[in-house]
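Okay, here's what each chain looks like letter by letter:
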Amino acid sequence: MLKPFLSALAAIVIILSGCSNGKKIVNTPLENQNKLSDEQLIDLVQKQTFQYFWEGAEPNSGAGRERIHLDNIYQQNDRNVVATGATGFGLMAIISAIDRGYVTKAEGTARLEKILNFLEKADRFHGAWPHWLEGETGKTKPFSTKDDGGDLVETSFVAQSLICIREYFKSGNTQEKALAAKADQLWKEIDFDFYRNNQNVLYWHWSPNYAWQMNFPVKGYNECLIMYVLGASSPTHPIPAEVYHEGWARNGAIKTNASVYGHQITLDHQGEKNSVGPLFWAHYSYLGLNPKGLKDQYADYWQQNRNHTLAIKDYCVANPKGFKGYGENSWGLTASYSVNGYAGHTINRDLGVISPTAALSSFPYTPEESLKAMRHWYENLGDKVWGKYGFYDAFSESANWYPKRYLGIDQGPIVVMLENHRSGLLWNLFMKAPEVQAGLKKLGFQSPYITN
């Protein structure tokens, strides 16, 4: 059954009895009466998606699970595996939930303490956490054979949340100030400079068993801008500006001039020549880093992210492959579950799979277009795509494929970006941090938050 978590302001009517032709329509919301307002719907989606990180959290650590399958089928026996990136997104989601009153401040503070205590004791490699942790023990679960150590990209997703926690709680009571201090300590222990591997670029991985054999220097453009911003901002293990300009920006080769479905793209998306990557590239780095008014010599990041989103939306409307269900009210391509496993869906790899996180996490960029999709999925597709922790990870109308499964790295940005759309909370916390402003200035960024 569809189980909406609504206030008494709105009611949902479920059609359980037959139509005139004798067929039954089951579990389909009827919204012609008592229709949710836009604000009620957005609040419902944000609150219910947050439950992934609250009720659905791994019990020992309190942290965000890699995945939750309501069918209880876990081929890799990984129900209690904690994902570092999802944990970071979840920490920001909890701040939002405290501020919204979804949980009390005392409840939220206690959960954040639990997660940070887990992270403090968990495996770290020069301050960086691995991609996956065993929730019961805090020990590394290798992502692959040689990816069994520090993951600086996933760690950066945690680091942006640690800065937000510090800023939110630093003026609170004794318990809250202690939480802020713990977050500050963990952030400052990340050794960004080590992950240069003595070069002017940041490397994604380091392993205690295989050292630098993963050999993945991170160059733009993709989801990793936040790692370079944090590296420049670190007050304890900073990287010089040359690492950003020579490594990430490839001595200027990151710039391009492409038109994708009529939208100008000025950054060269890795592996997507003259096109755009999956939409999580416009989300992960911008959960704390506010792209509004953010510019450097390479891009206007607000315009870049909005155009990226509109290009994928307009592609789905054009629907050149003729997939069922695509259109103004159902769009969004990103990395998610797919009909056959997992895939980085985008214009050049369109498999007929819509990932709700793509449009929903783009709310700040495309509020009207994202709301249309949200309302269509909720009102018309109902519990085919909506469940215990909000919208399921992905679906395909063409393949009649509606798995009741979630991924933490896709649920987290929905909560955070809806909050940023509504109040700017996480953006304001992160961007007001003095070391973030100093790091951005060091790299040559302009932002309304940067004071001289």
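Notes on the structure follow.

Calculation rules
- Residues numbered from 1 in each chain as written.
- Predicted model: local features only at pLDDT ≥ 70, side-chain atom pairs only at ≥ 80, totals over all residues.
- Heavy atoms only, no water.
- Axes fitted to C-alpha atoms, helices over the stretch in contact; angles between N-to-C directions.
- Helix = DSSP H or I, 4+ residues; strand = E, 2+ residues; numbered from the N terminus.
- Parallel < 35°, antiparallel > 145°, perpendicular 65-115°, else oblique.
- Left-handed = near helix turned anticlockwise from the far one by under 90°.
- Contact = heavy atoms within 4.5 Å.
- Nonpolar A, V, L, I, M, F, W, Y, C, P; charged D, E, K, R; others polar.
- Buried < 20%, exposed > 50% of the residue type's maximum accessible area, 1.4 Å probe, protein only.
- Phe/Tyr/Trp six-rings, centres within 6.5 Å; stacked < 30°, edge-to-face > 60°.
- Salt bridge = Lys/Arg side-chain N within 4 Å of Asp/Glu carboxyl O.
- Polar contact = N/O pair within 3.5 Å; in protein donor to acceptor, adjacent residues only side chain to side chain.
- Expected span 1.5 Å × (residues − 1).

Running from N to C, helix α2 (residues 84-100) and helix α3 (residues 105-121) cross one another at 165°; their axes reach a closest spacing of 9 Å. By the angle between their axes, α2 is roughly antiparallel relative to α3. Judged by the sense of rotation from one axis to the other, the crossing of α2 with α3 is left-handed. Across the interface between the two elements, T87, L91, I94 and I98 of α2 pack against K105, G108, T109, R111, L112, I115, L116 and L119 of α3. Its residues assigned to classes, the contact of α2 with α3 comprises 7 nonpolar, 3 polar and 2 charged.

Attention now goes to unusual backbone geometry. Residue Y221 follows G220 across a cis peptide bond; omega there is 15°. Within the chain, N72 stands out as a residue other than glycine whose phi angle is a positive 60°. Note on N72: relative accessible area 54%, which makes it exposed. The phi torsion at R250 lies on the positive side, around 55°, for a residue other than glycine.

A few words now on the packing of aromatic side chains. Aromatic ring pairs are reported here in terms of the distance separating the ring centres and the angle at which the planes meet. One pass over the full model with this rule turns up 36 aromatic pairs. Taken together, a centroid distance of 5.7 Å and an interplanar angle of 40° make the contact between Y301 and F445 tilted. Of this pair, Y301 sits in helix α8 (residues 301-318) while F445 sits in the segment after α13 (434-443), and the two are 144 residues apart along the sequence. F445 shares its class with Y301; the two are buried. A ring pair is formed by W302 and Y365, whose centres lie 5.3 Å apart and whose planes are at 65°; its orientation type is edge-to-face.

Attention now moves to the pattern of salt bridges. Inspection of every chain in the model, using the stated rule, returns 23 salt bridges. Between K105 and E176 there is a salt bridge, with the nearest N and O atoms lying 3.7 Å from each other. Linking K105 in helix α3 with E176 in helix α5 (residues 174-188), this pair joins segments that are 71 residues apart in sequence. One salt-bridge network, held together by shared partners, links R166, E167, K170, D184, K188 and E435.

Before going further, it helps to examine the packing of helix α6 (residues 225-233) against α13. Taken N-terminus to C-terminus, the directions of α6 and α13 make an angle of 105°; their axes are 7 Å apart at the nearest point. With respect to α13, the axis of α6 lies roughly perpendicular. Touching Y228, V229, A232 and S233 of α6 are E435, V436, G439, L440, K442 and L443, all from α13. In the contact of α6 with α13, the residues fall into 6 nonpolar, 2 polar and 2 charged.

This next bit is on the side chain of K313. Mapped onto the secondary structure, K313 falls in helix α8. Judged by its relative accessible area of 7%, K313 falls in the buried class. At 3.5 Å, the side chain of K313 forms a polar contact with the side chain of D314. Only 3.0 Å separates the side chain of K313 from the side chain of E328, close enough to count as a polar contact. Excluding anything up to four places from it in sequence, K313 contacts E328, W331 and E369.

This part takes up α8. Taking 1.5 Å per residue, 18 residues should reach 26 Å; α8 reaches 25 Å between its end C-alpha atoms and fits that length. Of all 18 residues making up α8, 13 are buried, and the element is well covered by its neighbours. Where α8 begins, one side-chain oxygen reaches toward the backbone nitrogen of W302, 3.2 Å away; that side chain belongs to D300.

Once that is clear, we can look at α6. Given 3.6 residues per turn, any residue in an α-helix points the same way as the ones three and four places further on. Counting buried residues along α6, 9 of its 9 residues qualify, which places the element largely inside the surrounding structure. Three or more residues of α6 are buried, namely L225, I226, M227, Y228, V229, L230, G231, A232 and S233. Along its buried surface, α6 packs onto α4 (152-169), α5, α7 (241-248), α8, α12 (425-431) and α13.

Turning to the side chain of T155, a few remarks are in order. Take T155: it is sitting in helix α4. Among the polar contacts made by the side chain of T155, one reaches the main-chain amide nitrogen of W129 at a distance of 2.9 Å.

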